[in-house]
Amino acid sequence: LADDYLLNKKRFPADFMFGVATSAYQIEGAWNEDGKSMSTWDNLTQTDPETILDGSNGNIACDSYHKYKEDVAMLKELGVDHYRFSLSWSRILPNGFPDQINQPGANYYKNLIRELRANGIEPMVTIFHWDLPLALQELNGVLNESFIDWYADYAAVCFELFGDDVKLWTTFNEPKQTCTGGYGYAYFIPYIHSEGLLEYQCAHNVLRAHAKAYRIYDERFRASQGGKVSIVLDAYSYLPASDSAADITAAETRMQFDLGWYANPIFNGDYPEIMKSRIANRSKGEGRDVSRLPEFTDEEKIALNGSADFFGLNVYTAALVAAMDDPPISNPPSKYQDMGVNDYQPSDWETTSLDWLKVAPWTIRHLLNWINDHYHQPDIIVTENGVCDNTGTFQDTQRVSYIQRYLSNIRDTMEQDGVNVIGYIVWSIMDNFEWAQGYTQRFGLHHVDFDSPNRTRTPKQSAQYYKNVCETKCLVDDDFECID
Ligand code: PNW
């Protein structure tokens, strides 16, 4: 556990949200039941199982489609006040479009939401968490301009179906993974390598789809439903590698190309200046007539500007950034050349079972302050934070310590810097299908036995710890040590 003298013992505010998260494909199973159609993830795992580390799939996963009541009982026992989960587009709209709503699919979510509310747990719903209907991917998916309308129609159906009982919405989970993973470095569906080109087109469509859905909520649902709508963005805390002015500038550039790429249009109405100017210059040097970074129309800028009622942040780790000589212009373009900076994780940072996930809890304070400074002091919800292991241990001391130290730094940031963090959500309530890692990486507060047909859930040590946090709103074990 964190050293006592470092640990913030001040109680969180009474209305601070504590929650846990999941996503549809990662937990539901029932991949072809009750009228659900194929999503891109169903298709990938059936046709190319070798792309998944253990050759597995989400056909059954945690079987939450059938075990949702048990899941809600588990949430209740844990004592969280919020549950973040996602809707499966292909379960609700099997052909992707709203002409045909699949009633059994819609009922699953209605029942889940009713069960949550009956147990005093507030649902926080992600409309899209990566599992696109295959039919839409076959029409070029996110890259098709029409995606903006497809998505907006789908979102409107969700608001209509569930909005009376859902007061917290997020449109997209981590669009950077969809765009840079899917169309930049190609480590994700649909595995297209087009750094600095298609990844920007992808983001352009996602951002406009988000804005359109947000404005639909404004126009048709906000008055009667009174909820909040935002997006979930994932970020590293990028810190300067030294005190030099060059490294400080480099870290700022890295942040802008990473988080600013999505957050600046949404909170300030356009892409960050540094992205616009660097990409325009390099595009020119490459002999192009127009910049590889698309431009928003004035109307789109207006729709985007302010299209979030809070800031949804997924954060797991951090990196250091150093300045470098501007790389020579070359084709095809590369994202690193566009950014023109170096980043790395120091070898002495605490490691985990995943390479990229180094434990650096103090860095979240920098990130939260950066968001506060750049986006008008928004209310911030940490929509995901957590850590993996590949042993399946129940004595998950690293997870306990990770959560405790990240929360302690969040409490410091609230108290000492006045940043408006209003909630914290652990990824995840239970072990689940960890995408390309299959079931080899476990992020759960509860262990899931994937060898048993029951998918038995068992609390780990971290569930005990987090239960106490939810109950006392304080990070120490003994309540009398908490500071009010
Ligand atoms: C998130 N990275 O993804 C997702 O929202 C979850 O579905 C996922 O299970 C969880 O994190 C754990 O991986 C991320 O490389 C994927 O920085 C990759 C990164 C971050 C988050």
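Residues numbered from 1 in each chain as written. Predicted model: local features only at pLDDT ≥ 70, side-chain atom pairs only at ≥ 80, totals over all residues. Heavy atoms only, no water.

- Looking up the chain in an unreviewed UniProt entry gives the name beta-glucosidase, with the organism given as Chrysomela lapponica.
- According to UniProt, the comment filed for the chain under the heading Sequence similarities (unreviewed entry) is "Belongs to the glycosyl hydrolase 1 family."
- Of the chain, the UniProt comment under Subunit (unreviewed entry) reads exactly: "Homodimer." (UniProt positions renumbered as here; feature names shortened; annotations may be inferred.)

## What about the overall build of the chain?
1) Next: Counting secondary structure elements, the chain contains 16 helices and 13 strands.
2) Next: Within the structure as shown, the chain displays about 17,900 Å² of accessible surface, and the carbon and sulfur contribution to it stands at 49%.
3) Next: Charge-centre separation for the chain: the mean point of 40 positive side chains lies 3 Å from the mean point of 70 negative side chains. (Helix = DSSP H or I, 4+ residues; strand = E, 2+ residues; numbered from the N terminus. Areas by Shrake-Rupley, 256 points an atom, 1.4 Å probe, with all protein chains shown as cover. Lys, Arg positive; Asp, Glu negative; His and termini not counted. Charge placed at Lys NZ, Arg CZ, Asp CG, Glu CD.)

## Comments concerning the site of the ligand
1) Next: As a structural note, the neighbourhood of the ligand is formed by 15 residues, with Gln26, His129, Glu384, Glu434 and Trp435 the closest of them.
2) Next: Between the ligand and the protein, one listed contact pairs an oxygen atom with a side-chain N or O atom of His129 at 2.9 Å.
3) Next: One of the side-chain N or O atoms of Glu174 is found 3.0 Å from an oxygen atom in the ligand.
4) Next: Of the residues assigned to the shell around the ligand, the class counts are 7 nonpolar, 5 polar and 3 charged. (Near = heavy atom within 4 Å. Polar contact = N/O pair within 3.5 Å; in protein donor to acceptor, adjacent residues only side chain to side chain. Nonpolar A, V, L, I, M, F, W, Y, C, P; charged D, E, K, R; others polar.)

## With respect to the nonpolar core
1) Next: With 154 residues, the main nonpolar core has Tyr151, Phe162, Trp169 and Tyr466 as its most contacted residues.
2) Next: Looking at this core, the element that brings in the most residues is helix H7 (residues 147-162), giving 13 residues.
3) Next: Residues Leu239, Leu320, Trp349 and Ala360 belong to the second largest nonpolar core, which totals 5 residues. (Core = buried A, V, L, I, M, F, W, Y, C linked by side-chain atoms within 4.5 Å. Buried < 20%, exposed > 50% of the residue type's maximum accessible area, 1.4 Å probe, protein only.)

## Focus on the packing of helix H10 (residues 245-268) against helix H14 (residues 363-374)
1) Next: At a minimum axis separation of 11 Å, H10 and H14 run at an interaxial angle of 45°. As summarised for this structure, H10 and H14 are arranged oblique, according to the angle between their axes. In the packing of H10 onto H14, the handedness of the crossing is right-handed. For the pair H10 and H14, the contacting residues are Glu252, Met255, Gln256, Leu259 and Asn268 in the first and Leu367, Trp370, Ile371 and His374 in the second.
2) Next: Taken together, the residues of the contact of H10 with H14 break down into 5 nonpolar, 3 polar and 1 charged. (Axes fitted to C-alpha atoms, helices over the stretch in contact; angles between N-to-C directions. Parallel < 35°, antiparallel > 145°, perpendicular 65-115°, else oblique. Left-handed = near helix turned anticlockwise from the far one by under 90°. Contact = heavy atoms within 4.5 Å.)

## Looking at a nonpolar patch on the surface
1) Next: Taken together, the side chains of Tyr185, Tyr187 and Tyr336 define a hydrophobic patch exposed on the protein surface, amounting to about 260 Å² of accessible area.
2) Next: Position of Tyr336 relative to the elements: it lies in helix H13 (residues 335-339). (Patch = residues over 30% accessible without salt bridge, like charges linked within 9 Å, V, L, I, M, F, W, Y side chains within 5 Å. Salt bridge = Lys/Arg side-chain N within 4 Å of Asp/Glu carboxyl O.)

## Here we look at the sheet that holds strand E8 (residues 318-323)
Within a beta sheet, neighbouring strands are joined by backbone hydrogen bonds and run either parallel or antiparallel to one another.
1) Next: Pairing in this open sheet of 3 strands is mixed, and the strands run E6-E8-E9 from one edge to the other. The open sheet terminates on both sides in strands that have one partner only, identified here as strand E6 (237-240) and strand E9 (341-344). Within the sheet, the average angular offset between the axes of one strand and its neighbour, ignoring direction, is 35°.
2) Next: Direction of pairing for E8 relative to E9: antiparallel, over a ladder of 4 bridges. Residue pairing for E9: Ala322 is matched across the bridge by Asn342.
3) Next: Contacting E6, E8 and E9, H10 runs over the sheet at an angle of about 125° to E8. (Pairing = 2+ DSSP bridges.)

## So, the UniProt feature "active site" (unreviewed entry) in the chain
1) Next: Within this numbering scheme, the UniProt entry marks Glu384 as carrying the feature "active site" (unreviewed entry).
2) Next: By secondary structure assignment, the location of Glu384 is in strand E10 (residues 380-384).
3) Next: Among the residues examined, Glu384 registers a relative accessible area of 4% and is labelled buried.
4) Next: Among the polar contacts listed, one links the side chain of Glu384 to the side chain of Arg84, at a separation of 2.9 Å.

## As for the packing of helix H9 (residues 198-225) against H10
1) Next: Contact geometry for H9 and H10: axes closest at 10 Å, N-to-C directions at 35°. Like other packed secondary-structure pairs, H9 and H10 cross with a definite hand, here right-handed. Contacts between H9 and H10 involve Glu199, Tyr200, Ala203, Leu207 and His210 from the former and Phe257, Trp261, Tyr262, Pro265 and Ile266 from the latter.

## With respect to the state of the cysteines
1) Next: Under the definition given, this model contains 2 disulfides.
2) Next: Here Cys179 is linked by a disulfide to Cys202, with a sulfur-sulfur distance of 2.1 Å. Its torsion about the S-S bond being -70°, the disulfide of Cys179 and Cys202 is classed as left-handed. Of the two residues, Cys179 sits in helix H8 (residues 175-183) while Cys202 sits in helix H9, which places them 23 residues apart along the sequence. Residues Cys179 and Cys202 agree in their burial class; the two are buried.
3) Next: Across the disulfide from Cys474 sits Cys482; the S-S distance is 2.2 Å. Of note, the bridge from Cys474 to Cys482 carries an S-S torsion of about -110° and is left-handed in sense. (Disulfide = S-S within 2.5 Å.)

## Quick notes on the side chain of Gln256
1) Next: By the element assignment, Gln256 lies in helix H10.
2) Next: Judged by its relative accessible area of 9%, Gln256 falls in the buried class.
3) Next: Setting aside chain neighbours within four positions, we find Gln256 in contact with Trp261, Pro272, Ile274, Met275, Trp370, His374 and Tyr375.

## Notes on the pattern of salt bridges
1) Next: The full count for this structure, using the stated rule, is 37 salt bridges.
2) Next: Among the ionic pairs, Arg91 bridges to Glu28, the shortest N-O distance being 2.9 Å. Taken together, the residues Arg91 in helix H4 (residues 89-92) and Glu28 in the loop between helix H1 (24-27) and helix H2 (40-47) connect sequence positions 63 residues apart. Taken as a pair, Arg91 and Glu28 share a single burial class, namely buried.
3) Next: We note a salt bridge from Lys176 to Asp258, for which the minimum N-O separation is 2.9 Å. Of the two residues, Lys176 is situated in helix H8 and Asp258 in helix H10; the sequence distance between them amounts to 82 residues.
4) Next: The exposure class of Asp258 is buried, given its relative accessible area of 5%.
5) Next: Several salt bridges share partner residues, and in doing so they unite Lys176, Asp234, Arg254, Asp258 and Asp343 into one network.

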